[in-house]
Amino acid sequence: MRELSTDILILGSGGAGLFAALHAHKAAPELSITVAVKGLLGKCGCTRMVQGGYNVALAREDSVERHFMDTIVGGGWLCDQELAWKLVTLAVERVRELENELGCFFDRNPDGTVHQKAFAGQTFDRTVHKGDLTGIEIINRLAEQVWARRIARLEEHRAVELIRTTDQESIAGVLFIDMRTGEYVFVRAKAVLLATGGGPTMYKYHTPSGDKSCDGLAMALRAGLALRDMEMVQFHPTGLLAGPHTRMTGTVLEEGLRGSGGYLLNGAKERFMPRYDPKAERATRDLVSRAMFSEIKKGSTSPHGGLYISMSHLGAARVAKEFKGMVERCADCGFDLAGGLVEVVPTAHYMMGGVEFAPDCTTALPGLFVAGEDSGGVHGANRLGGNGVANSTVFGAVAGDAMAAWVKDSPYREPDSAAIDAAAQTCERPFASRGSGNLEAVRERLYDVMWERVGIIRDGAGLQRAQSELDALDAELDGLSVTPERAFNLTWHDWLNLKSLVAVSRAITLAAAARCDSRGAHFRSDFPECGSLEKSTFTSIQDGVVSMKPVAFTRVAPGQTLLRNVA
Ligand SMILES: Cc1cc2nc3c(=O)[nH]c(=O)nc-3n(C[C@H](O)[C@H](O)[C@H](O)COP(=O)(O)OP(=O)(O)OC[C@H]3O[C@@H](n4cnc5c(N)ncnc54)[C@H](O)[C@@H]3O)c2cc1C
């Protein structure tokens with residue numbers, strides 16, 4: 001096994017990982033910093049896929065208090081308010097840094113101010129963007145800045161286990177598989193950032209990039225960390241539906257389409273959202289996805305079993321100009337977004353749940369930090385569109401600063417070698433197994449279990465059934481074998497992906513079964529009421545046990561507001 005050492009080890013190269021690397025380097029350029037990533041730096045993860053944009057209170061008529069209140073109300077009062085406050089206040093600094101130090105160009109108004117567009121669930125148009133492909137601008141600039149500094153890269157290195165010290169008291173490093181050779185690599189580090197970006201790719205329709213399979217969350221569960229809000233999986237209402245034989249199905253058509261006035265139509269080409277919510281298509285994602293799911297279950301669907309989005313009433317020329325990327329994406333699949341109808345379906349998009357953490361990105365395991373979509377608590381029960389990339393960049397930067405300070409007084413610690421061996425043996429299991437079977441079939445069943453029983457509308461009986469189905473899938477995976485090559489053995493990595501996805505699916509299911517109410521993204525048809533806001537609790541899962549913990553209203557309680565002059 002190859003061994004390497006680095007002061008700071010960052011897992012993932014999305015907005016969280018790259019911001020952490022840049023901030024740690026700026027704070028302490030003498031430190032060795034390594035970004036280890038499953039894909040290629042700058043080319044993988046979801047930050048690159050960000051379309052609509054970045055929420056930040058820049059306009060004079062807007063305020064961080066207003067952004068905060070939108071986040072708290074949108075999050076169903078389950079947010080950790082200190083984390084949410086940090087999000088909205090530091091987003092202002094991060095956007096300035098992106099523009100003035102890192103070289104991003106965002107769209108501007110004729111007077112030179114930054115253009116901010118409407119996103120659903122917000123009381124002010126505050127989404128900064130670069131056309132409708134904002135993430136490419138952000139990640140390209142961040143990657144260039146990382147490449148230009150003395151920051152080491154381990155690309156196509158898959159993290160497989162967080163390794164504790166011999167006394168189990170803190171983290172000693174991370175075990176990887178070098179996907180290019182199949183060799184195991186142990187990287188010793190004084191501080192480790194978990195920034196692998198969650199990613200609910202266990203659902204039949206999903207948006208995140210193919211490299212994301214909840215590996216970080218699965219590692220955190222195995223390391224005994226507490227994960228909160230795991231039942232809160234966000235479905236984006238407008239996933240493209242282009243048939244079962246294309247990976248374009250499930251990819252997202254951005255929120256700005258609904259924000260700017262797009263209509264959702266059922267199979268009979270009737271607009272239905274006004275029947276479900278006064279804000280109609282501009283209601284939050286949870287409400288719109290649930291309304292769409294109900295319409296689909298009623299049976300009035302498009303040819304592929306979904307619904308339609310219609311933009312033509314806004315004028316084809318305007319749509320083509322404002323949503324160029326989306327129009328091209330739809331055209332690739334044979335749809336005319338500007339002038340016709342496009343088939344859409346709710347698609348699993350984002351995990352609000354993740355590792356419990358403090359506002360300085362520390363976790364319960366000393367030396368392990370977390371940022372971005374692997375973390376839990378910032379968004380509560382529902383993330384506002386535009387708060388995702390704000391979250392990863394804000395807390396990535398916080399983590400970079402905090403890790404630089406942490407490692408200054410921290411020595412390398414001895415890893416638990418038995419834990420390294422045990423983790424490698426688990427990864428080796430499909431080489432030793434003789435079972436024949438089909439990974440693809442396991443994946444399809446996982447998709448169905450999660451979509452049908454742990455998806456947009458849930459109930460106790462379905463969740464219980466899902467738990468035993470997930471146990472069976474896990475056992476089936478343990479019996480499957482893969483071909484013996486090591487270098488770029490994608491079937492082996494698929495097996496590892498599915499192991500992570502099943503482990504995290506179990507956590508989602510357990511948390512969903514424990515939450516006997518309906519809040520934000522979590523809807524139980526057997527418990528449709530949201531319960532008392534004042535007595536709000538969040539789920540916390542650790543070692544397979546879910547506990548309900550009270551939400552601390554540290555800044556504002558239900559019924560109150562931080563805004564002045566509100567009737
Ligand atoms: C299509 C799409 C559109 C979106 N649009 C918006 C939007 O308009 N506005 C908004 O705010 N948010 C949006 N989001 C959400 C946003 O992308 C995420 O909130 C945010 O980018 C997550 O950042 P991250 O750094 O946590 O993770 P990511 O950017 O996903 O990065 C995760 C990194 O971890 C790596 N990784 C994964 N597993 C491993 C492993 N085992 N070992 C090593 N590395 C690993 C990946 O390769 C990747 O580099 C969108 C998401 C999608 C999918």
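On a predicted model such as this, the values are computed, not experimentally measured, just so you know.

Participant: I keep staring at the overall build of the protein and nothing clicks. Help me out?
Facilitator: Counting its secondary structure elements, the protein contains 15 helices and 18 strands. In summary, the protein has a C-alpha radius of gyration of 22 Å against a globular reference of 24 Å for 567 residues, a match within 12%. Considered along the principal axes of its C-alpha atoms, the protein spans approximately 60 × 55 × 50 Å. Here the protein, with 567 residues, has 62% of them falling under the buried criterion. Partitioning the intrachain contacts of the protein with sequence separation of at least 6 by distance along the chain shows that 74% fall at a separation of at least 24. Distance between charge centres in the protein, computed from 62 positive and 69 negative side chains, equals 2 Å.

Participant: What is the right way to look at the packing of aromatic side chains in this model?
Facilitator: How two aromatic rings sit relative to each other is given by the distance of their centres and the angle of their planes. Counted by the stated rule, this structure contains eleven aromatic pairs. The interplanar angle of 75 degrees and the centroid separation of 6.2 Å between the aromatic rings of Trp77 and Phe553 together place this pair among those described as edge-to-face. Here Trp77 is found in the loop between helix H2 (64–74) and helix H3 (81–100), whereas its partner Phe553 is found in the segment after strand S18 (545–550), with 476 residues between them in sequence. By relative accessible area, Trp77 is classed as buried at 9%.

Participant: Help me out: how do you make sense of the sheet that holds strand S13 (residues 307–310) in this one?
Facilitator: In a beta sheet, neighbouring strands pair by backbone hydrogen bonds and run either parallel or antiparallel. Taken together, the four strands give an open sheet; going across it, the order is S11-S14-S13-S12, and neighbouring strands pair in antiparallel fashion. Edge positions in the open sheet fall to strand S11 (233–240) and strand S12 (263–265), since each of these has one partner strand only. Mean inter-strand twist for the sheet, computed between neighbouring axes without regard to direction, equals 40 degrees. Looking at chain direction, S11 and strand S14 (residues 341–351) are connected through six bridges and run antiparallel. Counterpart to Leu240 in the pairing with S14 is Val344.

Participant: Honestly, the side chain of Thr509 in this entry has me stumped. Any pointers?
Facilitator: Relative to the elements of secondary structure, Thr509 occurs in helix H15 (residues 490–514). Setting aside residues up to four positions removed in sequence, Thr509 forms contacts with Met450, Val454, Leu463, Ala466, Gln467 and Leu470.

Participant: Got a minute to help me understand the side chain of Ser13 in this structure?
Facilitator: Tracing the backbone shows Ser13 in the loop between strand S1 (2–11) and helix H1 (15–27). Once you skip the residues sitting within four places of it in the chain, Ser13 turns out to touch Leu18, Val35, Val37, Leu40, Leu41, Gly42, Cys44 and Ile139.

Participant: Even after reading the chapter, I still don't get the packing of helix H14 (residues 460–479) against H15, so can you show me in this structure?
Facilitator: The geometry of a pair of packed helices is captured by two quantities: the angle between their axes and the separation between those axes. Direction vectors running N to C along H14 and H15 enclose 160 degrees, while the axes themselves pass 10 Å from each other. Taken together, the axes of H14 and H15 are roughly antiparallel relative to one another. At the point where H14 passes H15, the crossing takes the left-handed sense. Contacts from Leu463, Ala466, Gln467, Leu470, Asp471, Asp474, Leu477 and Asp478 of H14 reach H15 at Trp495, Leu498, Lys499, Val502, Ser505, Arg506, Thr509, Leu510, Ala512 and Ala513. Taken together, the residues that form the contact of H14 with H15 break down as ten nonpolar, three polar and five charged.

Participant: What exactly am I supposed to notice about helix H5 (residues 215–222) here?
Facilitator: Owing to its 3.6 residues per turn, the α-helix aligns residues three or four sequence positions apart on the same side. With seven of eight residues buried, H5 lies mostly within the body of the structure. Along H5, the positions that sit buried rather than exposed are Asp215, Gly216, Leu217, Ala218, Met219, Ala220 and Leu221. Following H5 by one or two positions, Gly224 has its phi on the positive side, about 85 degrees.

Participant: Would you take a moment to explain the site of the ligand for this structure?
Facilitator: Not every one of the 40 residues close to the ligand is listed here, only the nearest: Cys46, Thr47, Gly53, Asp211 and Lys212. Within the backbone of Gly52, a nitrogen or oxygen atom sits 2.9 Å from an oxygen atom of the ligand. Contact between the ligand and Lys212: an oxygen atom at 2.7 Å from a side-chain N or O atom of the residue. Notes on the ligand: free accessible area 1,000 Å², of which the protein chains cover 99%. Looking at the shell around the ligand, the elements with two or more residues in it are H1, strand S7 (157–164), S14 and helix H11 (387–408). Looking at the shell around the ligand, the element that brings in the most residues is H11, giving four residues.

Participant: How do you make sense of empty space enclosed by the protein when you look at a structure like this?
Facilitator: The method is simple in principle: a probe with the dimensions of a water molecule rolls over the atoms, and the space it marks as empty is what remains. Here the structure, examined in full by the defined rule, presents one cavity of 30 Å³ or more. When its volume is computed, the largest cavity comes out at roughly 60 Å³. With four residues, helix H8 (residues 285–298) is the single largest residue contributor to the lining of the largest cavity. Classifying every residue of the lining of the largest cavity gives four nonpolar, three polar and three charged.

Participant: Explanation requested: the state of the cysteines in the structure shown.
Facilitator: Following the criterion strictly, the structure yields zero disulfides and no others. You can see Cys79 has no disulfide; the closest cysteine sulfur is in Cys530, sitting 14 Å from it. By relative accessible area, Cys79 is classed as buried at 2%. Distance from the sulfur of Cys214, which forms no disulfide, to the nearest cysteine sulfur (Cys46) is 10 Å.

Participant: Could you clarify how one ought to interpret the sheet that holds strand S3 (residues 54–55) in this entry?
Facilitator: On the basis of which strands lie adjacent, the open sheet formed by three strands has the order S3-S5-S4 and antiparallel pairing. Strands with a single pairing partner mark the edges of an open sheet, and in this sheet they are S3 and strand S4 (116–117). Pairing of S3 with strand S5 (residues 127–128), which is carried by two bridges, proceeds in the antiparallel orientation. Considered in S5, the bridge of Tyr54 is made with Val128.

Reading the values: the criteria
Throughout this description, residue numbers start from 1 for each chain and increase along the sequence as written. pLDDT decides what is reported in this predicted model: residues at 70 or higher carry local features, side-chain atom pairs at 80 or more are listed and counted, and totals for whole chains, interfaces and linings draw on all residues regardless. The side-chain values count all of the structure's non-hydrogen atoms but skip hydrogen atoms and water molecules. Where helices and strands are cited, they refer to DSSP runs of H or I of at least four residues and of E of at least two residues respectively, numbered from the N terminus. Here the radius of gyration uses the C-alpha set of atoms, whereas the globule reference equals 2.2 Å times the residue count to the power 0.38. Only protein chains enter the calculation, and the probe is 1.4 Å; a residue is then buried if its accessible area is under 20% of its type maximum, exposed if over 50%, and partly exposed in between. Whether two residues are in contact is decided by their heavy atoms: any pair within 4.5 Å suffices. Neither His nor the chain ends is counted toward charge; the positive residues are Lys and Arg and the negative residues Asp and Glu. One atom stands in for each charge, and that atom is NZ of Lys, CZ of Arg, CG of Asp or CD of Glu. We call Phe, Tyr and Trp rings a pair once their centres come within 6.5 Å, taking the six-membered ring for Trp, and we label the pair stacked below 30 degrees between planes, edge-to-face above 60, and tilted otherwise. Following DSSP output, two strands are said to pair if at least two bridges run between them. Here, axes are lines fitted to C-alpha atoms. For helices the fit covers the stretch in contact, and angles between N-to-C directions go from 0 to 180 degrees. Here the word oblique covers every angle except those under 35 degrees (roughly parallel), over 145 (roughly antiparallel) and from 65 to 115 (roughly perpendicular). Crossing handedness is read from the near helix: turned anticlockwise from the far helix by less than a right angle, it gives a left-handed crossing, and turned clockwise, a right-handed one. For this classification, the nonpolar set comprises Ala, Val, Leu, Ile, Met, Phe, Trp, Tyr, Cys and Pro, the charged set comprises Asp, Glu, Lys and Arg, and every other residue, Gly included, is treated as polar. Whether a residue is near a molecule or strand depends on its heavy atoms: if one lies within 4 Å, it is near. N or O atoms within 3.5 Å of each other form a polar contact, as long as, within protein, one can give a hydrogen and the other can take it, and as long as residues adjacent in sequence are counted only when both atoms are side-chain atoms. For every accessible area listed, the method is Shrake-Rupley and the probe measures 1.4 Å; residues are considered covered only by the protein chains on display. Using protein atoms alone on a 1 Å grid, points that fit a 1.4 Å probe yet trap it form a cavity, whereas open point sets bounded by protein on both sides within 12 Å along at least five of seven lines form a pocket; residues with an atom within 4 Å of a point count as lining. Grid points are joined across faces, edges and corners, and a volume is the space filled by probe spheres set on the points. Sulfur atoms of two cysteines make up a disulfide when they are within 2.5 Å.

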